[in-house]
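A look at the structure
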Amino acid sequence: MDFWSRLIGGSRSLSTKGFRASTPTERLASFKRTCNTLQQIWRSNNSSSGEQSATVHARNCIDRLISVLSDESRGPAPHPCLAYASSSQIFVTVTKLALSSYDDGMLRSATVFFNTLIDSEVDGIVDNRLFARALVDLVRRADKHSEDVEGRLVELLFGVANNIRLQPNILPAWFAPRSDEQDREQGNSNNTGAEFAGAMRKDDFPLFYLLVEYVHHPGRAGDFARTGLLYLIETASRSKNLERWLIESDLATLMATGLGALYSQLGNLTFPENTDENIPHIIALSDHAQQDTALPPLLGMSMDSFMSYLLFWQDTIDHCKSAEVNGSLLDHFQILFLEQLLYPSLLESSDVQGGSTAAVLTYLYRILESVHQEDLVHRILHFLLASPSDSEPATVGKNVGMSASRRKSLDVLAAFSEEAARPSPSLFNLRDLALLGLQSTNRQTVLATLRVMSTVLQRHHTFARSLIRTVPGQHAKQRTVGALNVELEQLMNMATSTVDDPTLNESYDNYLKDGMAILEARLCIPPAEDYPEESLPLELRHDDPIVRELLNCLENFFTNSVIVNLALTEVLGSIASSHLIALDGWLLVDPSKYIYSTSTNESSDQTPSTSLIKQIQLAYEEPSWSQSDTPALTSVLQKLVQQIQKWRKEVPDFDILVAARRDLLHQDDEPAKASGRSQHNSAPPTRSSSRHPTTNLDSDYGSPRGRSSRPLEFSSTATSSPSRDTLSSPTRDLPFRPPRDVSTTRKSAAEELRQRLEQPFPVDDAPREANADTAPEQATDEANDDAGDSAVVDEEPRTATLGHVLTNVVILYEFLLETSAVVQARGTLFGEAGYPGIDGPVDTATAEA
């Protein structure tokens, strides 16, 4: 039985030796004798002589009590020892002995004893005010220099909170709020003249304040404290007194200021040391592998503590069923954290060398990436984006239906807000900061800005139009099936003229599945109740400065760092997949700009059946458009593809080098081949493909996959699809070398290829005499001269190595495939292509026949 006794008590208890009672009467008699022994030890423990032996004796007695109570609680009723422990109030003596001994072993035994009583669920223990006082004194006054003892003590508080959640009727033993008369007397005695709605009232609910002290702690203590506090807040919906007390107490103030204190401890970004082992493969094959943006920043323990507390806020809002308490928490979160700390840190950040803009944007990105609680997200983004919202803190004119406690809390917060007198986001908001971030010459700032934008567009897409401006009332126009087909053909032709991919069909299928999954999730979002028409896609403002900066960044695609390009294409892809933003005018041609060769008036005098057939034929007719009507994004993509075609003319084996680089980037995907998947994933290695198990959809509009037409092919000397043998020997055109050993020849060829890929490769449109074989010394000198003329250290160079350009060409190809898939998926799910002028549904098979 000693084994079972140690198992029940864990490492906290010692083995119990001696007499073991066999009947309830004998067990009770033994239990009483042990209790009397503890009483005697406490009364005689006044002198220091024999103090150590008395502590050991007392700890053995407590362990014996634990063993008896554990055995009894596992058996059937009656439980006389548990009843005696309640009536004799032996827990008071245990608390006194534990506090006076200053011994960790005694404290551990005392916590096991209290836990045993709590778990027994016997009447007269957890609902006993004397038991509550004894437990609170033990936790409050115990020496908690040991992390283990601290965790055990907070576990006691959690056990009580759990019991209160399950049995709210025991709350009065732990919670005794003062009456209004006592509040007024307390106010008069302090000569305050008014009650502060967030005053500390520890004597009312000491259990609550003890938990609050540990919510920011790491480890077991913090976990138990946060969960226990959530249970108490959840109980407020079943106790009006507790609900009122939580509003009038300093719960919300403590939580908001605690979050602000942890945020204030966050410093500037630090980055890990770049080594060959920890740098992603796609970045290692670029020119910026040693830059500080190659790896994510080290945010440290301070960020972990802040995020843990922020997620506790999220859990609190989720668990609290009281609208009044939730409203008070959100009001304090906005005024004390958002308005007085987070927003000023964004406003006052600096973008100079070593500035804080990149850091605060990175912290905001982590916040928006982690928080998913709807009310909390709305408070953050509605405020930072200065969006009109009905979730703002209530004003005096709007709080008619509120309780008096909530109104007092709001009055105090209003006074705080007026005293702060800080600038409003209506003058400078997150959108303005994003614009400045995109215009920055600091690569860290640009990258952090793109990450914030992609997080808002992907995870909180209802705010997409607050970040990317649209034209009010200008809804997307439906295009015909033929118009969609010709748009898709153009996008796919750009992709296939960039990389000759033998796995094109599989890659496109994967992108199409991903696009379908993303767009189907958008269809589940209910429209706004007040403005249902605003949930429809609206046309993008062509003069939007943020879109213009994104396109400017895209124009420098081949010299951008790889990680910036990955973030940039993610932002552009997120805009394209937004159900709130139309594609007309910036990615696809405005349907009103299409030019058709067939006149629509020809069918006016025909029979109904002939007219229907004519309309179907018109729907499938592929239009053209003027060069001046080419969308902004498509125009930039065409220029990038044309630049690739120019390099294909200058570098005879350019296609081979691109195919080899793409094969190298997808080496990490080879294990997937054994499981039946393609060797080549649809996404670049650093961007995960969701691979949702959706069916392979064959659109009515015609699939652009597998098309061989390449209208953007400017050179007839471009290499066709290379074989595996060709890919393994990209140095076949090297000058003649004297015969030598085969292994030596291979090593020499690999070394020459490596040197060639590391040579500067001019990518600007300025006239140049050098190509990929330019002498390294000459090209390096030119690059250094360009860098010397630049006043900004972080400005992107005008040249890049050949290997860096090849990597970015592959990224561009993947982006073109992804964009094509999203356009096709939108046409299917959003009904953005159809048969204009035909009333009622049309059978597609009949129409095509």
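Each remark here, short or long, concerns the structure printed above.
So, here's what we can say about the structure. (Residues numbered from 1 in each chain as written. Predicted model: local features only at pLDDT ≥ 70, side-chain atom pairs only at ≥ 80, totals over all residues. Heavy atoms only, no water.)

A closer look at the packing of aromatic side chains
Counting across every chain of the model gives 27 aromatic pairs. Ring geometry for Trp647 versus Phe654: centroids 6.1 Å apart, planes at 45°, classification tilted. Of the two residues examined, Trp647 and Phe654, each falls in the buried class. Lying across the ring of Tyr231, Arg165 places its NZ or CZ 4.1 Å from the centre. (Phe/Tyr/Trp six-rings, centres within 6.5 Å; stacked < 30°, edge-to-face > 60°. Buried < 20%, exposed > 50% of the residue type's maximum accessible area, 1.4 Å probe, protein only. Lys NZ or Arg CZ within 6 Å of the ring centre and 35° of its normal.)

A look at the pattern of salt bridges
With the rule as written, the count across this model stands at 20 salt bridges. Two residues, Arg379 and Asp331, come together in a salt bridge whose shortest N-O distance is 3.2 Å. Separated by 48 residues along the polypeptide, Arg379 in helix 18 (residues 374-384) and Asp331 in helix 16 (residues 323-347) bring together distant segments of the chain. With a relative accessible area of 7%, Arg379 lands in the buried category. Between Arg826 and Glu832 there is a salt bridge whose closest N-O contact spans 2.7 Å. For Glu832, a relative accessible area of 12% translates into the label buried. Among the charged side chains, a salt-bridge network with shared partners connects Arg108, Asp148 and Arg152. (Salt bridge = Lys/Arg side-chain N within 4 Å of Asp/Glu carboxyl O. Helix = DSSP H or I, 4+ residues; strand = E, 2+ residues; numbered from the N terminus.)

Let's talk about unusual backbone geometry
A positive phi angle, close to 55°, is found at Gln89, a residue other than glycine. Along the chain, Gln89 turns up in the loop between helix 4 (80-88) and helix 5 (90-101). Residue Gln89 is classed as partly exposed on the basis of its relative accessible area of 32%. Look at Glu121: it is not a glycine, yet its phi comes out positive at around 55°. Along the chain, Glu121 turns up in the loop between helix 6 (104-120) and helix 7 (129-141).

Focus: the packing of helix 8 (residues 147-166) against helix 11 (residues 219-235)
Running from amino to carboxyl end, helix 8 crosses helix 11 at an angle of 15°, the nearest separation of the two axes being 8 Å. For the element pair helix 8 / helix 11, the angle class is roughly parallel. Seen from above, helix 8 lies across helix 11 with left-handed handedness. Judged by residue contacts, Asp148, Glu150, Gly151, Arg152, Val154, Glu155, Phe158, Ala161, Asn162, Ile164 and Arg165 of helix 8 engage Arg220, Ala221, Phe224, Ala225, Thr227, Gly228, Tyr231, Leu232, Glu234 and Thr235 from helix 11. Residue classes in the contact of helix 8 with helix 11 are distributed as 9 nonpolar, 5 polar and 7 charged. (Axes fitted to C-alpha atoms, helices over the stretch in contact; angles between N-to-C directions. Parallel < 35°, antiparallel > 145°, perpendicular 65-115°, else oblique. Left-handed = near helix turned anticlockwise from the far one by under 90°. Contact = heavy atoms within 4.5 Å. Nonpolar A, V, L, I, M, F, W, Y, C, P; charged D, E, K, R; others polar.)

What to know about empty space enclosed by the protein
As enumerated under the stated definition, the model contains 8 cavities of 30 Å³ or more in all. Taken as a whole, the largest cavity holds about 90 Å³ of empty space. Phe271, Thr362, Gln444, Leu447 and Arg451 are the residues nearest the centre of the largest cavity, which is lined by 13 residues in total. Mapped onto the lining of the largest cavity, the elements with two or more residues apiece are helix 17 (357-370) and helix 21 (443-459). Here the lining of the largest cavity takes 4 residues from helix 21, the largest share from any one element. (1 Å grid on protein atoms, 1.4 Å probe; cavity = no way out; pocket = protein on both sides within 12 Å on 5 of 7 lines; lining within 4 Å. Points joined across faces, edges and corners; volume = space filled by probe spheres on them.)

Keep in mind these values describe shape, not function.
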